[in-house]
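Residue strings, one per chain:
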Amino acid sequence: MKLKRLTRRLSPIAAIVPMALVTLVAYLGATLWSIKVSFSNSRTMPTDTFVGIAQYVKLFENDRWMLSIENIAIYTVLFILISMLLGFLLAVFIDQKVMAEGVLRTVFLYPYAMSFVATGLIWQWMLTPGIGIEYAVRQMGFPDFTFDWIIDQDKVIYTIVIATVWQTAGLVMALLLAALRGIDEEIWKAARLDGIPVWRVYVSIVIPMLAPAIATVFLLLSTASIKLFDSVVAMTQGGPGTASEVPAKFIMDHLFGRANIALASAGAVMLLVPVIVILAPYVYARSRRKH
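Computed from a predicted model, the values in this text were never measured in an experiment. (Residues numbered from 1 in each chain as written. Predicted model: local features only at pLDDT ≥ 70, side-chain atom pairs only at ≥ 80, totals over all residues. Heavy atoms only, no water.)

## Some details on the pattern of salt bridges
Pairing is possible between side chains of opposite charge, provided their charged atoms come close.
Link 1 in the chain: A complete count under the given rule lists 11 salt bridges for this structure.
Link 2 in the chain: Across the pair Lys189 and Glu186 runs a salt bridge whose closest N-O atoms are separated by 3.6 Å. Residue Lys189 and its partner Glu186 are both found in helix α8 (residues 185–194); the two are separated by three residues, about one turn of the helix.
Link 3 in the chain: Residue Lys249 is joined to Asp253 by a salt bridge in which the shortest nitrogen-to-oxygen separation is 2.8 Å. Linking Lys249 with Asp253, this pair stays in helix α12 (residues 247–257), spanning four residues, or about one helical turn.
Link 4 in the chain: Residue class for Lys249 comes out buried when judged on its relative accessible area of 7%.
Link 5 in the chain: Each of Arg64, Glu245, Lys249 and Asp253 takes part in one network of salt bridges that share partners. (Salt bridge = Lys/Arg side-chain N within 4 Å of Asp/Glu carboxyl O. Helix = DSSP H or I, 4+ residues; strand = E, 2+ residues; numbered from the N terminus. Buried < 20%, exposed > 50% of the residue type's maximum accessible area, 1.4 Å probe, protein only.)

Take a look at the structure:
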């Protein structure tokens, strides 16, 4: 009987482990294959001709790649900061047990459930000069108002920040709200009795207690920003010109459009580096916490 019970308990685990192993092997295999191809002179089809770091040299001599790195750096900083700040403020607002809390949570979180390929065209229309936001503001009595960022090479990347923050802030709100609801109510009662200002309670007590949730949010936003692709394609196609080019689009264009597998693989490997840099401290901190 004991053996049968043990078998029943282990059967779900036995079903999951092979799937996990297959996924891990496939992921590692694809990564190693990409690294191997990046050291070759492959074009349309992969070859075994070893050329050392020639593809990486060519990659960093490519103006389009360097522009994409600059764009993703600007985007990542602004996207993470604004998403976390806005999400935290929304979480604090809803944590006050406001009326129609369930409706507000749904409204704020709903954009994240939508595909940006679908909503990107709407954002493109809203940000196009002469229609959308510019037209609406002019109709309100401001005839000289202009909002042409989406066709301005120096500002187009900021329009992508605006649109993606709109999509992601609700997720940040949901994660931080769950963490806020986990804080003991007695802490707030004690702070009120001691006359501590609310802002000081958040800065000195609440935010440090939210550190694990904030770390999780930061990790999610960081990985999302590094692989930015669909928002750019849906809104600007990398334009005007190549002004909103990002690494993922550069890789896809060279992989499928220009039939340069080796250069695309080199770009993919370089894109993996910041992911490892972000993940490594997080994994290390979690392992230390467990021990």
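## Things to note about the confidence of the model for the chain
Link 1 in the chain: Summing up the model confidence of the chain, the mean pLDDT is 86 and the portion of residues at 70 or higher is 92%.
Link 2 in the chain: Of all the helices and strands in the chain, helix α1 (residues 2–38) carries the lowest mean pLDDT, 67, while helix α3 (residues 63–94) carries the highest, 95. (pLDDT = per-residue confidence, 0-100.)

## Points about unusual backbone geometry
Link 1 in the chain: Here the amide bond leading from Gly239 into Pro240 is cis, since omega sits at 0°, within 30 degrees of zero.
Link 2 in the chain: Relative to the elements of secondary structure, Pro240 occurs in the loop between α11 (230–235) and α12.
Link 3 in the chain: Phi is positive for Ala100, which is not a glycine, with a value near 55°.
Link 4 in the chain: Mapped onto the fold, Ala100 is located in the loop between α3 and α4 (101–113).

## A word on the packing of α3 against α12
Angle between the axes and distance between the axes are the two parameters that describe a pair of packed helices.
Link 1 in the chain: At a closest axis distance of 8 Å, the pairing of α3 and α12 adopts a crossing angle of 150°. For the element pair α3 / α12, the angle class is roughly antiparallel. Residues Arg64, Trp65, Ser68, Ile69 and Ile72 of α3 form the contact with α12, whose own contacting residues are Pro247, Lys249, Phe250, Ile251, Asp253 and His254.
Link 2 in the chain: Grouping the constituent residues of the contact of α3 with α12 by class yields six nonpolar, two polar and three charged. (Axes fitted to C-alpha atoms, helices over the stretch in contact; angles between N-to-C directions. Parallel < 35°, antiparallel > 145°, perpendicular 65-115°, else oblique. Contact = heavy atoms within 4.5 Å. Nonpolar A, V, L, I, M, F, W, Y, C, P; charged D, E, K, R; others polar.)

## Some words on the packing of helix α7 (residues 156–181) against helix α10 (residues 211–226)
Link 1 in the chain: Where α7 meets α10, the axes come as close as 9 Å, and the angle between the chain directions of the two elements is 160°. Classified by the angle their axes make, α7 and α10 are roughly antiparallel. The handedness of the crossing between α7 and α10 is right-handed. Residues Thr168, Val172, Leu175, Leu176 and Ala179 of α7 form the contact with α10, whose participating residues are Ala213, Ile214, Val217, Leu220 and Leu221.
Link 2 in the chain: When its residues are assigned to classes, the contact of α7 with α10 shows nine nonpolar, one polar and no charged. (Left-handed = near helix turned anticlockwise from the far one by under 90°.)

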